[in-house]
Amino acid sequence: MEEDKVQLDNIRMEYVAIRDEIILLMNEQNTHITNLYIMSITILGLGYTLQNSTLFLLLYLIILPFQVLVNNKEYMMVRCGVYIRNYIESEIKELKWEQRIHKVDRAFNQQYKFKLGKFEIENRICDYGAFIFSCVALCSYIVYNVQIKNNVVIFLTEFSKWGIVISFIATIVAYKLCYKGSNYDYLSDTFESIMDGENL
């Protein structure tokens with residue numbers, strides 16, 4: 001009996017430690033997202049003010065690393081959440097945070113958040129910020145480096161073609177990173193199957 005109580009106390013301590021880690025990861029992720037938005041807006045503003053299209057290319061050096069950091073925090077949070085749900089909440093029946101919070105979030109998103117049809121605008125802007133800024137940078141770079149005269153496309157410099165190719169590839173990478181980082185259900189299922197496969 002005493003041994004069971006000690007084991008439950010240990011599980012509760014582990015639960016508190018992991019919840020604290022999740023809160024820390026959420027704060028770090030929010031900081032990365034805020035920095036991504038502030039720096040992207042600043043660089044775009046400088047590019048327009050100085051009429052320097054090279055700044056639009058440099059924006060990708062901000063966008064992609066920050067999105068990788070955001071994704072990394074998301075992966076770590078999901079991993080912690082799956083561990084709590086599968087290995088702690090199953091042992092202590094009164095602990096149900098991870099099992100309930102995602103149902104509550106889904107219901108909240110359905111009932112409250114702004115949507116156009118089934119498209120959840122608020123969530124997509126948060127989840128796909130890096131991709132949105134990448135598209136703005138790509139379009140801005142094209143506007144500053146391409147002219148059309150007599151139905152002929154003219155690149156203002158020799159590097160303009162390569163700049164557009166680089167921007168296009170970086171925009172696709174940004175989309176893929178945003179997609180991978182925002183797909184919670186897939187991440188959760190993946191971590192769950194890995195943990196089940198390892199018989200932890």
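Everything here concerns the structure above.
On a predicted model such as this, the values are computed, not experimentally measured, just so you know. (Residues numbered from 1 in each chain as written. Predicted model: local features only at pLDDT ≥ 70, side-chain atom pairs only at ≥ 80, totals over all residues. Heavy atoms only, no water.)

Enquirer: Give a detailed account of the overall build of the chain, specifying residues and quantitative values.
Expert: Regarding its fold elements, the chain presents eight helices and four strands. Counted from the first residue to the last, the chain has its helices and strands arranged as α-α-α-α-β-β-α-α-β-β-α-α. Computed over the C-alpha atoms, the radius of gyration of the chain is 22 Å, more than 25% above the 16 Å expected from 2.2 N^0.38 for a compact globule of 200 residues. When the backbone C-alpha atoms are referred to their principal axes, the chain occupies close to 85 × 35 × 30 Å. Residue burial in the chain is summarised as follows: out of 200 residues, 36% are buried. Here the contacts in the chain between residues at least 6 apart in sequence split such that 71% fall between residues at least 24 apart. Within the chain, the 23 negative side-chain charges are centred at a point lying 10 Å from the centre of the 19 positive side-chain charges. (Helix = DSSP H or I, 4+ residues; strand = E, 2+ residues; numbered from the N terminus. Rg over C-alpha atoms; globule rule 2.2 N^0.38 Å. Buried < 20%, exposed > 50% of the residue type's maximum accessible area, 1.4 Å probe, protein only. Contact = heavy atoms within 4.5 Å. Lys, Arg positive; Asp, Glu negative; His and termini not counted. Charge placed at Lys NZ, Arg CZ, Asp CG, Glu CD.)

Enquirer: Lay out the nonpolar core with the relevant residues and their values.
Expert: Counting 24 residues, the largest nonpolar core has Leu 59, Ile 63 and Leu 64 as the members making the most contacts within it. The set of elements that each furnish at least two residues to this core consists of α1 (2-50), α2 (54-58), α3 (60-88), α6 (129-145) and α7 (158-182). What Leu 59 contacts, discounting residues up to four positions off in sequence, is Met 39, Ser 40, Ile 43, Leu 44, Phe 133 and Ala 137. Judged by nonpolar contacts, the second largest core, of 11 residues, contains Ile 18, Ile 22, Ile 88 and Ile 92. (Core = buried A, V, L, I, M, F, W, Y, C linked by side-chain atoms within 4.5 Å.)

Enquirer: Go over the pattern of salt bridges with me, naming the residues and quoting the values.
Expert: One pass over the full model with this rule turns up two salt bridges. Its salt-bridge partner being Lys 73, residue Glu 28 comes within 2.8 Å of it at the nearest N-O pair. With Glu 28 in helix α1 and Lys 73 in helix α3, this residue pair connects regions lying 45 residues apart in the sequence. Look at Lys 73 and you get buried, because its relative accessible area is 13%. Residue Arg 85 pairs with Glu 192 through a salt bridge whose shortest N-O separation is 2.9 Å. (Salt bridge = Lys/Arg side-chain N within 4 Å of Asp/Glu carboxyl O.)

Enquirer: Outline a nonpolar patch on the surface, listing residues and values.
Expert: A contiguous nonpolar patch, built from Phe 159, Trp 162, Val 165, Ile 166, Phe 168, Ile 169, Ile 172 and Val 173 and spanning about 770 Å² of accessible area, is present on the exposed surface. Relative to the helices and strands, Phe 168 resides in helix α7. Classification of Phe 168 by relative accessible area gives partly exposed; the value is 48%. (Patch = residues over 30% accessible without salt bridge, like charges linked within 9 Å, V, L, I, M, F, W, Y side chains within 5 Å. Areas by Shrake-Rupley, 256 points an atom, 1.4 Å probe, with all protein chains shown as cover.)

Enquirer: Hey, could you go over α6 for me, with residue numbers and the actual values?
Expert: An α-helical segment advances 3.6 residues per turn. Residues three or four places apart therefore align on the same side. Counted at 1.5 Å a residue, the expected span for α6 with its 17 residues is 24 Å, and the 24 Å between its end C-alpha atoms agrees. Every buried residue belonging to α6 is among Gly 129, Ala 130, Phe 133, Ser 134, Ala 137, Leu 138, Ser 140, Tyr 141 and Asn 145, and all of these are buried. (Expected span 1.5 Å × (residues − 1).)

Enquirer: Could you give an account of the environment of Leu 24, with specific residues and numbers?
Expert: On the secondary structure map, Leu 24 appears in helix α1. Sequence spacing of Leu 24 and Met 77 is 53 residues, and the spatial spacing of their C-alpha atoms is 9.4 Å.

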